[in-house]
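# Structure assessment
Read off the chains here:
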Amino acid sequence: MAVPQEPSASVNEGLNQTRQVTTNKVSRPRQRNDPLPQPPQDEGYYLRISITTLDKNRRDPVFKFKAITNLPRFKHTSYSHLERTYNEFERLYNSLSYSNPECIVPALPFSATSYQGTEEDERRVKNAMQQWVNRVSMNPILCHDEELRSFIETDFAFIPATKPRKRSGSFIFSFSSEVKDDDMDLAQAKSTSHALEGHFIEISKNVQKLAKSRKGLAICNSEVGIKSHALGTVEKHPPLSNGLRRLGKTLQIISELQKSQAISEAAAIGDFFSYYAVNARIVKETLSNRLRIISEHENAVKETISKKRYMERLKSSTSIKTDKVDEALKDFKYAENYEQNLDARVKRVTKNLHSELQNYENNRTQDFIKSIKEYVNKQIMFEKQQLKELENLRPDINAITKRNVRTYTLGEEELSARAVAEKLSITFAK
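Now for a look at the structure at hand.

Definitions and limits used
Residues numbered from 1 in each chain as written. Predicted model: local features only at pLDDT ≥ 70, side-chain atom pairs only at ≥ 80, totals over all residues. Heavy atoms only, no water. Helix = DSSP H or I, 4+ residues; strand = E, 2+ residues; numbered from the N terminus. Buried < 20%, exposed > 50% of the residue type's maximum accessible area, 1.4 Å probe, protein only. Contact = heavy atoms within 4.5 Å. Pairing = 2+ DSSP bridges. Axes fitted to C-alpha atoms, helices over the stretch in contact; angles between N-to-C directions. Core = buried A, V, L, I, M, F, W, Y, C linked by side-chain atoms within 4.5 Å. Parallel < 35°, antiparallel > 145°, perpendicular 65-115°, else oblique. Nonpolar A, V, L, I, M, F, W, Y, C, P; charged D, E, K, R; others polar. Left-handed = near helix turned anticlockwise from the far one by under 90°.

### Let's talk about the overall build of the chain
- Across its full length, the chain carries nine helices and five strands.
- N-terminal to C-terminal, the α/β element order of the chain is α-β-β-β-α-α-α-α-α-α-α-β-β-α.
- Residue burial in the chain is summarised as follows: out of 430 residues, 37% are buried.
- For the chain, the proportion of contacts with a sequence separation of at least 24, taken over those separated by at least 6, is 75%.

Shown next as structure tokens:
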């Protein structure tokens, strides 16, 4: 029976030399999961982007903007007369989301609002995009992204260097049910985002139904107003004729106010909940992507253990071939480095997602308060305008029911005919 022997010293020396040569000549490509070197997060660095105009006369809206920065990777400190289409902003968003799994990249604003085809629509889209670029450029990780630099500096159409891979729902959640998440805060946030997405979508649909019903009411008021005005033109009784015509005109004015009110409430809270339904899905997908990274790390740990056991089997073998030992050591070292990189990436992603969630919650709260204030103020304004129109109608309606009583002067008093008769009867009785 052959007794297993340790590799001789000469074999070990040759093995080490072979390993060094192999390492120098063969370099494995950097894996996508390897952690990228993080830029220094100095508070002195800044990137400020200002959107100046929006051109929606084209098929793909064009945003014109300028930027100033002192980030070291940029070629210049000031950029002016920059133009990017909405489609290019979508490419930037997809690239940022794909390259930065430790960040919750806010959803790109919609290219149109409920104020379609109006100046208010352009103003809202421009302001929403300005808010988006502000939050992206103020993010200490996203502002250093290479694709963002290319987005600003490229002279032609922006095309990301790395094409993001589309994630299907089945691909994402295939890891979620198998991987155990030890971070209860992130697990709870993922569950909450899933629930909020459904609630936001439902609220948005209900607001759209409410706006549609209000538009229907406005149409009915307009029709009644037209018919009332037509009836007033043929009415012979002057007070009634004037009242019907004034009522018809008032109802038509109220109809226009109700149409504007319907659009306003759809834009104020309907668009808000639609946008944050998309954001809730993004948060859910970002946290699910973290589970995928954890799953890859667990697979890397298993692979490292497998390589280590294979080396132990080679060690106990009776015949040791140098080329097999070199290959086994090289594979084990690569698997070990890959595992360490994934471990560092999991820790970095997990740590940063906690602060990202806090920022996301703060932004959502601010946007929600702003939308509710706008909604309430606009509703009060429209209701006051409608009430004012109805109040202006009151004298004309009262004139219809007021009797035309003829008065007579008796001495210094102005009395009705009946009162004069009573006065005279009393006088003659005396």
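### Details of the environment of Val133
- Positionally, Val133 belongs in helix α3 (residues 119-137).
- Exposure remark for Val133: the relative accessible area of 4% places this residue in the buried category.
- The sequence separation of Val133 and Pro106 amounts to 27 residues, and the corresponding C-alpha distance is 9.6 Å.
- With residues near it in sequence (within four places) discarded, Val133 still touches Ile49, Ile51 and Phe89.

### Examining the side chain of Ser264
- In this fold, Ser264 is placed in helix α7 (residues 238-315).
- Every residue in contact with Ser264, bar those within four places of it in the chain, is listed here: Tyr115, Lys378 and Phe382.

### A short note on the sheet that holds strand β1 (residues 47-55)
- On the basis of which strands lie adjacent, the open sheet formed by three strands has the order β1-β2-β3 and antiparallel pairing. Edge positions in the open sheet fall to β1 and β3 (78-85), since each of these has one partner strand only. Between one strand and the next, the sheet's axes are offset by a mean angle of 25 degrees, whatever the strand orientation.
- Two strands pair when backbone bridges link them, and β1 and strand β2 (residues 62-69) are joined in this way by eight bridges, in the antiparallel orientation. Residue pairing in the sheet places Arg48 in a bridge with Ile68 of β2.
- Contacts from helix α2 (residues 86-99) reach β2 and β3, with the element oriented near 100 degrees to β3.
- Sheet contacts for α3: β1 and β2; angle to β1, the most-contacted strand, approximately 165 degrees.

### Things to note about the nonpolar core
- Of all hydrophobic cores here, the largest spans 56 residues; its most connected members are Phe63, Phe89, Met129, Trp132 and Ile152.
- Of the residues forming this core, the biggest block, 13 residues, is contributed by α7.
- When near neighbours in sequence (up to four residues on either side) are disregarded, Phe89 contacts Phe63, Phe65, Arg84, Leu108, Met129, Trp132, Val133 and Phe151.

### Let's talk about the packing of α7 against helix α8 (residues 322-401)
- Relative to each other, α7 and α8 sit at 170 degrees, their axes nearing to 8 Å. Judged by the angle between their axes, α7 and α8 are roughly antiparallel.
- Here the residues of the contact of α7 with α8 sort into 42 nonpolar, 18 polar and 20 charged.

### Points about unusual backbone geometry
- Despite not being glycine, His81 has its phi angle at roughly 55 degrees, a positive value.
- With respect to the helices, strands and loops of the structure, His81 is situated in strand β3.
- With relative accessibility at 77%, the residue His81 sits in the exposed group.

### Some thoughts on the packing of helix α6 (residues 184-234) against α7
- At their nearest, the axes of α6 and α7 sit 7 Å apart, and the two run at 165 degrees to each other. Considering the angle they form, α6 stands roughly antiparallel to α7. Judged by the sense of rotation from one axis to the other, the crossing of α6 with α7 is left-handed.
- In the contact of α6 with α7, the residues fall into 30 nonpolar, 20 polar and 11 charged.

### A look at the environment of Lys163
- With respect to the helices and strands, Lys163 occurs in the loop between α4 (146-153) and α5 (169-176).
- On the basis of relative accessible area, Lys163 is assigned to the exposed category, the value being 76%.
- With 69 residues separating them in the primary sequence, Lys163 and Asn94 have C-alpha atoms 8.7 Å apart.

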